[in-house]
Amino acid sequence: MPPSQGSAHPLRLLGAYAALLAVVYALVFFTGDKSPTPKLGIDLQGGTRVTLSARTPDGSKPSQDSLKKAQDIIENRVNGLGVSGSEVVIDGDNIVITVPGDDGQQARALATTAKLYIRPVLQAVPAAGRGATPQTAPGTQAPPAAQPTTPEAPGASEATPAPQQRVFPAQAPTQPPAEPNLTPTEAATKEIQAAKALRQSADPSVQQAAMAMLDCAKADPLVGNDDPALPLVTCSTDGTEVFLLDKSRIDGQEIKDATSGLNQQQARHEVYLDFKSGGSDAWAALTGEYVYKRVAFVLDSKVVSAPVVQQGPQQGGRTQISGNFTATSAKELANTLKYGSLPLSFQTSEAETVSATLGLSSLKAGLLAGAIGLAVVLLYCLVYYRMLGLVTGLSLLTSGLAVYGIMVLLGRWIGFTLDLAGIAGLIIGIGMTADSFVVFFERIKDEMREGRSFRSAAPRGWQRARRTILSGNAVSFLAAAVLYVLAVGQVKGFAFTLGLTTILDVVVVFMVTSPLVLLASRTAFWSKPSVNGLGAIQQIARERKAAEAALGKA
């Protein structure tokens, strides 16, 4: 292939790559938190570990099937929230959640049982001052000014509670404390049974006593274990109201999908629910029966929202939960409801700090080994390829800059965390990039053995090499993709970074290495055999030409 492209073509490719790097680092330094540091995984920065102990109403041992289902649901919640680098493992009868950083509340939020029931409100009183006149079936509350134009749940009343996504650890019950010789499991079972007997009684006098005695400031031993077929006395999530609720009318299992968003008209964040066909019919019947009365969305035995039904029956199978949500809490609640409730309720331990000492030591050793290996490769390239070795070093430098900037942005945008396995994928990927350079350079040498000059051999060698480079990288990317789909845990991080560097290998070879070599081949200085290290190849070509000429004369 003659060099008909002109010198502007390589310069345009180099300029385009420089522009891409500029955009990447502009996003790094001028968007988000503007921190140029990638997020590190648990093994590099440490993390927070929370152990979940299953609590069954009868005190029986949880089945492995239930634990496995709970693990899968928590992992789905992790993926839905983009909490990258988290670990969810089964340890005997417990589930251990580890998240990067020191936010133990995040781990607890992932373990929320998320049993949602929709119950009619029979009575509600303020938590402070229980002597106040109870609000029974409060149909006298004024509806909000903005009426929904499509069938949906009404807006929350003025005293809408704020959601709190956490698992409540077991506490001493409101009844006399358990005997000291009871095991923790037996004590927890006794607490649940005592709470049910008091707060889920069908006797009106017991219900009134429970409303008077319930302390909303204490953790709830009944959390996630209330019987939906019985009435329930409970608190709002912010502890401002005590409710007497009727039997559950709609189960959270009837939710088909859950999303969050901002209600532009009322300037508040809401969680939107889509019901399945059975839940849609039940919602229409409930809203038709309780017009201008309150219905409660009860999550893990706590009232998240208790709005007044403004119109009914509401058809269409769609409603919303409104409360004092933030964008984050609304997203967490929607994500929790979307993937379903856990088959078990859990008692959480205190958050433990996971040290990163071992990981940091391994990182230092790995980076040192990688630096030594890279230095040896560059030294070999300089000795063997001379000028082309400089191109190799410059190409690896630009590839490393791109990889680093993209790692920072991925950590900021999708929560990607870099761990030891991911760093291993990066090092292997950069090594594969060097392999692509070698393929290109050897094709140039093949062309020069045919008697062509460096200027003529460079574009011809590139035409032959790029197909091989694309084929090799396609195989590597396919292997990384399959590994990512089939693997779990940190192996996914290895596969992800390997696939990313494989893509960048193609970009760098096409936009940096090839243009640099083509530009070098068109300058007199770099075309000197003493500079480019190709004098021996040119000598072989001359000897071959002379031998062919001698044979022709003979």
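You'll find the structure just up there.
Everything numeric here is computed off the predicted structure, so don't read it as measured data.

A.B. asks: Got a sec to walk through the pattern of salt bridges? Specific residues and values, please.
C.D. replies: Within this structure, the stated rule accounts for 13 salt bridges. A salt bridge links lysine 445 to glutamate 442, with the nearest nitrogen and oxygen atoms 3.6 Å apart. Of the two residues, lysine 445 and glutamate 442 both sit in helix α11 (residues 420-449), three residues apart, roughly one turn of that helix. Among the residues examined, lysine 445 registers a relative accessible area of 6% and is labelled buried. For glutamate 442, a relative accessible area of 21% corresponds to the partly exposed category. Between arginine 464 and glutamate 447 there is a salt bridge, with the nearest N and O atoms lying 2.9 Å from each other. You can see arginine 464 sitting in helix α12 (residues 454-486) and its partner glutamate 447 sitting in helix α11, a full 17 residues away along the chain. Classification of glutamate 447 by relative accessible area gives buried; the value is 6%.

A.B. asks: Would you mind going over the state of the cysteines in detail, with residue names and values included?
C.D. replies: In a disulfide, the sulfur atoms of two cysteines are held together by a covalent bond. Counted under the stated rule, the structure contains one disulfide. Shown here is the disulfide that connects cysteine 216 with cysteine 235, its sulfur atoms set 2.0 Å apart. Its S-S torsion of about -85° marks the bond between cysteine 216 and cysteine 235 as left-handed, since a negative value means left-handed. With cysteine 216 in the loop between α6 (204-213) and β6 (232-235) and cysteine 235 in strand β6, this residue pair connects regions lying 19 residues apart in the sequence. A relative accessible area of 2% places cysteine 235 in the buried class.

A.B. asks: An account of the sheet that holds strand β13 (residues 318-325) is needed here, citing residue identities and associated values.
C.D. replies: The strand order across the open sheet built from three strands is β9-β10-β13, with neighbouring strands paired in antiparallel fashion. Two strands in the sheet have a free side with no partner beyond their single neighbour: β9 (255-263) and β13. Sheet twist, expressed as the mean angle between neighbouring strand axes with direction ignored, is 25°. Across the face of the sheet, helix α7 (residues 277-289) comes into contact with β10 (268-275) and β13 while running at roughly 115° to β10.

A.B. asks: Describe in detail unusual backbone geometry, supporting the description with residues and values.
C.D. replies: Positioned with a positive phi, lysine 34 is a non-glycine residue whose angle comes to about 60°. Of note in this structure, aspartate 300 is not a glycine but carries a positive phi near 50°. Examined against the element boundaries, aspartate 300 turns out to sit in the loop between β11 (295-299) and β12 (302-305).

A.B. asks: Tell me about the nonpolar core, and please be specific about residues and values.
C.D. replies: When a protein is soluble and globular, its nonpolar side chains tend to lie buried together. Formed by 42 residues in total, the largest nonpolar core has its most connected members in Phe440 and Val517. Every element with two or more residues in this core is listed here: α1 (8-30), α9 (357-385), α10 (387-413), α11, α12 and α13 (490-521). Element by element, the count of residues in this core is highest for α13, at 10 residues. When neighbours within four sequence positions are excluded, phenylalanine 440 is seen to be in contact with Ala458, Gly461, Trp462, Ala465, Ile469, Thr513, Ser514 and Val517. Counting 22 residues, the second largest nonpolar core, distinct from the first, contains Leu286, Phe297, Leu299 and Phe325.

A.B. asks: Can you lay out a nonpolar patch on the surface for me, pointing to particular residues and giving the numbers?
C.D. replies: Taken together, the side chains of Leu478, Val482, Tyr484, Val485 and Leu486 present a nonpolar region at the surface, about 530 Å² in accessible area. By the element assignment, leucine 478 lies in helix α12.

A.B. asks: Explain the pairing of strand β7 (residues 241-245) to me, using residue names and the numbers behind them.
C.D. replies: Of all five residues in β7, five are buried, a share of seventy percent or more. Of the two faces of β7, the one carrying Glu241, Phe243 and Leu245 and the one carrying Val242 and Leu244 are both buried. One ladder, built from five bridges, connects strand β4 (residues 116-126) with β7; its direction is antiparallel. Bridging across to β7, valine 121 finds its partner in leucine 245. What sits between β6 and β7 in their antiparallel hairpin is a turn of five residues, with glycine 239 showing a positive phi close to 75°.

A.B. asks: Quick one: what's the story with α7, residue by residue and with numbers?
C.D. replies: The end-to-end C-alpha distance of α7 is 19 Å, a good match for the 18 Å that 13 residues give at a rise of 1.5 Å each. Every buried residue of α7 is listed here: Gly279, Ser280, Trp283, Ala284, Leu286 and Thr287. Along the axis of α7, the buried residues cluster in a sector spanning 165°; they form a single face. Counted as exposed and oriented over 90 degrees from the buried face of α7: Ser277 and Asp281. Buried residues belonging to α7 abut β4, β8 (250-251), β10, β11 and β13.

Thresholds applied
- Residues numbered from 1 in each chain as written.
- Predicted model: local features only at pLDDT ≥ 70, side-chain atom pairs only at ≥ 80, totals over all residues.
- Heavy atoms only, no water.
- Salt bridge = Lys/Arg side-chain N within 4 Å of Asp/Glu carboxyl O.
- Helix = DSSP H or I, 4+ residues; strand = E, 2+ residues; numbered from the N terminus.
- Buried < 20%, exposed > 50% of the residue type's maximum accessible area, 1.4 Å probe, protein only.
- Disulfide = S-S within 2.5 Å.
- Pairing = 2+ DSSP bridges.
- Axes fitted to C-alpha atoms, helices over the stretch in contact; angles between N-to-C directions.
- Contact = heavy atoms within 4.5 Å.
- Core = buried A, V, L, I, M, F, W, Y, C linked by side-chain atoms within 4.5 Å.
- Patch = residues over 30% accessible without salt bridge, like charges linked within 9 Å, V, L, I, M, F, W, Y side chains within 5 Å.
- Areas by Shrake-Rupley, 256 points an atom, 1.4 Å probe, with all protein chains shown as cover.
- Expected span 1.5 Å × (residues − 1).
- Arc of directions from axis to C-beta.

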